[in-house]
Amino acid sequence: MHDLILLRHAEAEPVLPGHDDRDRPLSNHGEDEARAAGRWLAQQGARPDRVLCSPVARTRRTAELALAELGGGELSDEAGIYDATAGELLALLDGNATLGQVLLVGHNPGVERLLALLVSGQSGSFRGVPPAAAAWIRLDGPLEPGAGQLIAFHSP
């Protein structure tokens, strides 16, 4: 993989008592954030070969709205993205290492810890990926800790 784009889901409605966290929809503001992230990706020239997406409602809707701004794209639901650690996300991405560009749409803390792991070599307790943020990472070698260079970052 040459480029990895990490996109955190946009702002979601709070979980209602008696409802599953996985069913939370995007807020109206979140829908706008997801479209804005997609426009930013389009302006950067993103053309993902594969889109790996958590099947959770808020994440899937973020991906759909962002991809609409990119002119389309096929989502690959990956249940393992929800609640994944940075190491688990790295293993998932390793199975896509032959592709040129991958977009992963997921959740914190996994997304922000994966970003920190790839860029600094340590996942630690890094905080800095708000809802609907996107990080574009260039990989000039194997997919491993510290091997990435952050080349662009979008924060709503």
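Since the model is a prediction, treat every value here as computed from it, not as a measurement. (Residues numbered from 1 in each chain as written. Predicted model: local features only at pLDDT ≥ 70, side-chain atom pairs only at ≥ 80, totals over all residues. Heavy atoms only, no water.)

Hey, could you go over the overall build of the protein chain for me, with residue numbers and the actual values?
For the protein chain, the count of helices and strands is four helices and six strands. Starting at the N terminus, the α and β elements of the protein chain follow one another as β-α-β-α-β-α-β-α-β-β. The dimensions of the protein chain, computed from C-alpha atoms along their principal axes, are 45 × 30 × 25 Å. In the protein chain, which comprises 156 residues, the share counted as buried stands at 46%. For the protein chain, contacts bridging at least 24 residues in sequence account for 68% of all contacts bridging at least 6. Within the structure as shown, the protein chain displays about 7,200 Å² of accessible surface, and the carbon and sulfur contribution to it stands at 46%. For the protein chain, the separation between the mean place of its 13 positive charges and that of its 21 negative charges on side chains is 3 Å. (Helix = DSSP H or I, 4+ residues; strand = E, 2+ residues; numbered from the N terminus. Buried < 20%, exposed > 50% of the residue type's maximum accessible area, 1.4 Å probe, protein only. Contact = heavy atoms within 4.5 Å. Areas by Shrake-Rupley, 256 points an atom, 1.4 Å probe, with all protein chains shown as cover. Lys, Arg positive; Asp, Glu negative; His and termini not counted. Charge placed at Lys NZ, Arg CZ, Asp CG, Glu CD.)

If you had to explain the side chain of N96 to someone new, which residues and values would you point to?
Here N96 lies in the loop between α3 (86-94) and β4 (101-106). A relative accessible area of 7% places N96 in the buried class. Setting aside anything within four residues of it in sequence, one finds N96 in contact with M1, R50, L52 and V102.

Kindly report on the environment of V129, identifying the contributing residues and their values.
Along the chain, the position of V129 falls in the loop between α4 (110-120) and β5 (134-139). With relative accessibility at 5%, the residue V129 sits in the buried group. In the structure, V129 is positioned 17 residues away from G146 in sequence and 18 Å away in space, judged by C-alpha atoms. Excluding residues within four positions of it along the chain, V129 makes contact with R8, N108, V111, E112, L115 and F153.

Can you tell me about the packing of helix α1 (residues 28-44) against helix α2 (residues 57-70), naming the residues and giving the values?
Between α1 and α2, the least distance of the axes is 7 Å, while the angle of their chain directions is 40 degrees. The angle between the axes of α1 and α2 places the two elements in the oblique class. Seen along the crossing, α1 lies across α2 with a hand that is right-handed. Contacts between α1 and α2 involve E31, A34, R35, G38, R39, L41 and A42 from the first element and R61, T62, L65, A66, E69 and L70 from the second. Across the contact of α1 with α2, the residue classes tally to six nonpolar, two polar and five charged. (Axes fitted to C-alpha atoms, helices over the stretch in contact; angles between N-to-C directions. Parallel < 35°, antiparallel > 145°, perpendicular 65-115°, else oblique. Left-handed = near helix turned anticlockwise from the far one by under 90°. Nonpolar A, V, L, I, M, F, W, Y, C, P; charged D, E, K, R; others polar.)

Summarise the pairing of β4; cite the residues concerned and give the values.
Strand residues, when the strand is regular, have side chains that alternate between the two faces of the sheet. Across the six residues of β4, six count as buried, placing the element largely inside the fold. Judged from the four bridges that link them, strand β2 (residues 50-53) and β4 form a sheet pairing that is parallel. By the bridge assignment, L52 is partnered in β4 with L104. (Pairing = 2+ DSSP bridges.)

Tell me about a nonpolar patch on the surface, and name the residues and values.
On the surface, V119, L150 and F153 cluster together into a nonpolar patch covering about 220 Å² of accessible area. Mapping L150 onto the fold places it in strand β6 (residues 148-154). (Patch = residues over 30% accessible without salt bridge, like charges linked within 9 Å, V, L, I, M, F, W, Y side chains within 5 Å. Salt bridge = Lys/Arg side-chain N within 4 Å of Asp/Glu carboxyl O.)

Give a description of the pattern of salt bridges that names residues and reports values.
With the rule as written, the count across this model stands at 10 salt bridges. One salt bridge connects R138 with D3, and the closest N-O pair in it is separated by 2.6 Å. One end of the pair, R138, is in strand β5; the other, D3, is in strand β1 (residues 3-8), with 135 residues separating them in the sequence. Under the relative-accessibility criterion, R138 is labelled partly exposed at 25%. R24 serves as the salt-bridge partner of D21, at 2.9 Å between the closest nitrogen and oxygen. Each of E31, D32, R35, R60, R61, E64 and D77 takes part in a single network of salt bridges with overlapping partners.

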